[in-house]
Protein chains: 2
Amino acid sequence: MTRPELADRRVLVVEDDPTVLEVASTYLRAAGYLVDIASDGFAALEAAANRRPDLIVLDRMLPGIDGVEVCRRIRARSAVPIILLTALSATDDRIDGLEAGADDYLTKPFSPRELVLRVQSILRRSVTDLTPEAAVVLGAFELDPSARTVRRDGRELALSVREFDLLAFLLKHPRQAFSREQLLRAVWHWEFGDLSTVTVTVRRVREKIENDPTEPAILVTVWGVGYRLDL
Amino acid sequence: MTRPELADRRVLVVEDDPTVLEVASTYLRAAGYLVDIASDGFAALEAAANRRPDLIVLDRMLPGIDGVEVCRRIRARSAVPIILLTALSATDDRIDGLEAGADDYLTKPFSPRELVLRVQSILRRSVTDLTPEAAVVLGAFELDPSARTVRRDGRELALSVREFDLLAFLLKHPRQAFSREQLLRAVWHWEFGDLSTVTVTVRRVREKIENDPTEPAILVTVWGVGYRLDL
DNA sequence: GGCCTCCGTCCGCATTTCGTAAGGTTCCGG
DNA sequence: CCGGAACCTTACGAAATGCGGACGGAGGCC
């Protein structure tokens, strides 16, 4: 269930309630992350400095230093993504947290699964800039994820951001049929939304990779299901 | 009409009230899930360990061990999604449950339809899991479930959704006779319905896989029983 | 500000799908 | 060999599905 590209990423969880700490770290480990833990503000600052986590999950209410203050101090030294946990959904808290430099927000009680999703969604973004991803060569296509280019027969294709993301995903999972919903989740990172968004982007990609876009031979329609990349 | 891609997922329902148990499992089966049941905490823990369900629906009030405790213990060993059923909508209960590691919450009395929706919504995420399903090679036939293709002698067959689902099911269970009712349940996920629906779809599949559709040699009629795939 | 690209949304149209029904054919017991 | 049940075949049309075109807001660039 773990996505290989996200493996070996380090997450620091800062939380004083042992139960919440336990649940959160279990889920994150299950999702393939290396999890460090801290129970108060001082330990959090120390761990943030020494363990160099790729992301921090931080409780707002902490013994010792307040969570928002911890967030501010970490931010002063590093750009590591921070998810703040708060007991209330009060607007003031949210504003405080965002001003202190938090990247995302989660209101307690939260679903551990949702936490994992947020973590994944944030790390997914930063993972690309850090570790250069392996290139994929498939038939006439050549994908270089770190350069964000796709070449066909050696010539580079002029793709927009969305078009690239979609084609890159399909090149990484060739000969597999995906529903529009799956693509919306995997490529757009949306949990819901208009499925025609996918349809249109597929069409635009076809316009650029198919010899005859009227008769797609590469990015094929699977009727009643979705799309598939045939090579 | 349910989506075939969700089929073959295992759900464990833990509930001491026979009526609720009956209703819930019936609805979930109708939605295409394989349903296991347990009536108390001990049975639940055992089933969770042995049957390896993809999701657990867990009553909060149980004879023997409390539901929340069961939840906690399962969670200690596995990250399987858990939906907790509770008699009250008290906020305290909700927090207890979420801290114990439940993924979602449903207040009794609940609509069975809503239960199915929650289950689907949670499992949908793990369905996005990109591990391709194993291919089946049987005689001249080659089934690739993740690409949603069937090839015969290397040539890909042009099958519609229903036709593919039916043939895929039969290829996964060859040399076994199925009644129309069984096929309607397994392939269509219908609990009732016109049996001629099956007849016609069988005929359409025959048109595409038989050398002489007039004399079926592969998708054979078992008189008075149903159909069977011979190879 | 003005121009351009990107991208999500919407609408009308063509195609495909698939359940249903109706009439014909095959099978089997007696 | 007869009658009825089981099964086959064909056809129809509503509904679902996908596609192209177009529109317009958002955001970047000059």
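Just so it is clear, the structure is predicted and the values come from calculations on it, not from any experiment.

Student: Let's hear about the protein's contact with DNA strand C: which residues, and what values?
Tutor: Near DNA strand C you find 22 residues, and of these Ser160, Arg162 and Thr197 of chain A together with Ser160 and Arg162 of chain B are the closest. The contact atoms of DNA strand C, taken as those within 4 Å of the protein, divide so that sugar and phosphate hold 65%. Thr197 of chain A is positioned such that a nitrogen or oxygen atom in its side chain is 2.6 Å from a phosphate oxygen of DNA strand C. Arg204 of chain B is positioned such that a nitrogen or oxygen atom in its side chain is 2.8 Å from a base oxygen of DNA strand C. Mapped onto the surface near DNA strand C, the elements with two or more residues apiece are helix H6 (161-172) and helix H8 (196-209) of chain A together with helix H6 (161-172) and helix H8 (196-209) of chain B. Its residues assigned to classes, the surface near DNA strand C comprises nine nonpolar, seven polar and six charged.

Student: Run through helix H3 (residues 67-77) of chain A, naming residues and quoting values.
Tutor: Helical periodicity: at 3.6 residues per turn, an α-helix aligns residues three or four positions apart in one direction. Residues and elements named next belong to chain A. When H3 is considered as a whole, its buried residues turn out to be Gly67, Val68, Val70, Cys71 and Ile74. The buried side chains of H3 occupy one side of the element, clustering within an arc of 155° when seen end-on. Across from the buried face of H3, at angles greater than 90 degrees, the exposed residues are Ala76 and Arg77. Capping the start of H3 is the job of one residue whose side-chain oxygen sits 3.1 Å from the backbone nitrogen of Val68: Asp66.

Student: A description of unusual backbone geometry should follow, citing residues and the corresponding values.
Tutor: Residue and element names in this part refer to chain B. Residues other than glycine seldom take positive phi values, yet Arg52 does so here, at roughly 50°. With phi around 60°, His189 is a residue other than glycine that occupies positive phi space. Using a relative accessible area of 11% as the deciding quantity, one classes His189 as buried.

Student: Provide a residue-level description of the UniProt feature "modified residue: 4-aspartylphosphate" (unreviewed entry) in chain A, including the pertinent values.
Tutor: Residues and elements named next belong to chain A. UniProt tags Asp59 as "modified residue: 4-aspartylphosphate" (unreviewed entry). One can find Asp59 in strand E3 (residues 55-59). Overall, Asp59 belongs to the buried group, its relative accessible area being 2%. In this structure, Asp59 is in contact with Val14, Glu15, Asp16, Gly67, Leu85 and Lys108, ignoring residues within four places of it in sequence.

The rules behind the values
Residues numbered from 1 in each chain as written. Chains lettered and ligands numbered in written order. Predicted model: local features only at pLDDT ≥ 70, side-chain atom pairs only at ≥ 80, totals over all residues. Heavy atoms only, no water. Near = heavy atom within 4 Å. Polar contact = N/O pair within 3.5 Å; in protein donor to acceptor, adjacent residues only side chain to side chain. Helix = DSSP H or I, 4+ residues; strand = E, 2+ residues; numbered from the N terminus. Nonpolar A, V, L, I, M, F, W, Y, C, P; charged D, E, K, R; others polar. Buried < 20%, exposed > 50% of the residue type's maximum accessible area, 1.4 Å probe, protein only. Arc of directions from axis to C-beta. UniProt positions renumbered as here; feature names shortened; annotations may be inferred. Contact = heavy atoms within 4.5 Å.

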